[in-house]
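Examining the three-dimensional arrangement
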Amino acid sequence: MRTLFDIRGRVACVTGASSGLGRHAASVLAASGARVVGVARRAEALDEWRAEADGETAAISHDLADRDGLNALAKRVAEPFGSPDILVHAAGINTRQTADDVTPEGWDVTLNLNLATPFFFSQALVPAMKERGWGRIVNFASLQTHRAFPGGLAYGASKGGIGQLTRAMAEAWSPFGITANAIGPGFFRTELTEAVFADPERAARNAAQTCIGRNGEPEDIAGPLLFLCSDASAYVTGQVLMVDGGFTAK
């Protein structure tokens, strides 16, 4: 049974690897034996991640919002270890604009990075996965894939789209041995949720809304991530796995 979760020798690419859950995801995969290429804008933060990661890693500094550069990025990502078997889309942005204050610029940057980039970057890397007959795509969904929150209309729209994108990816590519699923984190302390955790009362209210009674810790992502990136999930595709302590169950 242990071999079901074995990803040793696999090549993984993680976007948003410079911080937050993306950084933790990249470290988990590296520690589990995958050769991991981390992608993010901030080269210095990527260097810090590599210094603390346990395993074979490489890093590429790239602005993932540059849609025209994604095909070139796909070629660069394949240079250190070969084209990825596993692709984790953790990069994201939340402008936290209320519905009355959403600007065209804020809308475009949010939908582009959170929704368009995961699709077009996957599209560029899928051909190599098809040749191998094996691939794992893991998108990052959100509580806002299912629930509406104030001050996050564009973000919520993008994460609602991730739910459907995940299903559409599965329909298109799973016949070729490529599964597409998403992880939907609850409230975890990251750069994106710093405003939430800066208010202890608000953080406590969020914890109280879960079934488990606490907010998430980075290590809570490890098991679900390994499941979706390994042979253990071979017959699971097009799903959003909420890792939220039961927040969306109440």
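Residues numbered from 1 in each chain as written. Predicted model: local features only at pLDDT ≥ 70, side-chain atom pairs only at ≥ 80, totals over all residues. Heavy atoms only, no water.

We now examine the overall build of the chain. Along its length, the chain carries 8 helices and 7 strands. Against the 2.2 N^0.38 benchmark of 18 Å for 250 residues, the chain shows a C-alpha radius of gyration of 17 Å, consistent with a compact globule. For the C-alpha atoms alone, the extent of the chain along its principal axes is close to 45 × 40 × 40 Å. Taking the intrachain contacts of the chain between residues at least 6 apart in sequence as the baseline, contacts between residues at least 24 apart amount to 70%. Total accessible area on the chain is roughly 11500 Å²; 51% of this is exposed by carbon and sulfur atoms. (Helix = DSSP H or I, 4+ residues; strand = E, 2+ residues; numbered from the N terminus. Rg over C-alpha atoms; globule rule 2.2 N^0.38 Å. Contact = heavy atoms within 4.5 Å. Areas by Shrake-Rupley, 256 points an atom, 1.4 Å probe, with all protein chains shown as cover.)

The next thing to look at is the sheet that holds strand S7 (residues 240-243). For sheets, the rule is that strands pair by backbone hydrogen bonds, running either parallel or antiparallel. One open sheet holds the 7 strands; their spatial order is S3-S2-S1-S4-S5-S6-S7, and the pairing between them is parallel. A strand with exactly one partner marks an edge of an open sheet, and here the two such strands are strand S3 (57-61) and S7. The sheet shows a mean angle of 20 degrees between the axes of neighbouring strands, taken without regard to direction. Note: strand S5 (residues 135-140) against strand S6 (residues 178-185), 6 bridges, orientation parallel. The residue bridging Asn139 from the neighbouring strand is Ala182, located in S6. (Pairing = 2+ DSSP bridges. Axes fitted to C-alpha atoms, helices over the stretch in contact; angles between N-to-C directions.)

This part covers the pairing of strand S4 (residues 86-89). Burial along S4 is two-sided: Ile86 and Val88 and Leu87 and His89, pointing in opposite directions, are all buried. Alignment of strand S1 (residues 11-15) against S4, held across 4 bridges, turns out to be parallel. Among the inter-strand pairings, Val14 is bridged to a residue of S4, identified as Val88. Relative to S5, S4 runs parallel, the two sharing 4 bridges. The residue bridging Val88 from the neighbouring strand is Val138, located in S5. (Buried < 20%, exposed > 50% of the residue type's maximum accessible area, 1.4 Å probe, protein only.)

Core analysis: the largest hydrophobic core is formed by 31 residues, its most contacted members being Leu29, Val36, Ile86, Val88 and Leu225. Elements represented by at least two residues in this core include exactly S1, helix H1 (20-31), strand S2 (35-40), helix H2 (43-52), S4, S5 and helix H8 (222-229). Residue contributions to this core peak at 6 residues, all from H1. Excluding residues that lie within four positions of it along the chain, Leu29 makes contacts with Ile7, Ala12, Val14, Ala34, Val36, Ile86, Val88, Leu225, Leu226 and Cys229. In terms of nonpolar packing, the next biggest core, distinct from the first, is built from 29 residues, Ala58, Leu70, Ala91 and Ile137 among them. (Core = buried A, V, L, I, M, F, W, Y, C linked by side-chain atoms within 4.5 Å.)

With that out of the way, let us pick up the environment of Val126. Tracing the backbone through its elements, the reader meets Val126 in helix H4 (residues 104-132). With sequence-adjacent residues up to four places away left out, Val126 is seen in contact with Ile137, Trp173 and Ile178.

On inspection of all chains with the given rule, the structure shows 5 salt bridges. Put simply, Arg23 and Glu52 hold a salt bridge, and the shortest N to O gap is 3.2 Å. Here Glu52 lies in helix H2 and Arg23 lies in helix H1, a separation of 29 residues in the sequence. On the accessibility criterion, Arg23 (16% relative accessible area) is buried. In this structure, the salt-bridge partner of Arg214 is Asp220, at a minimum N-O distance of 2.9 Å. Using a relative accessible area of 40% as the deciding quantity, one classes Arg214 as partly exposed. (Salt bridge = Lys/Arg side-chain N within 4 Å of Asp/Glu carboxyl O.)

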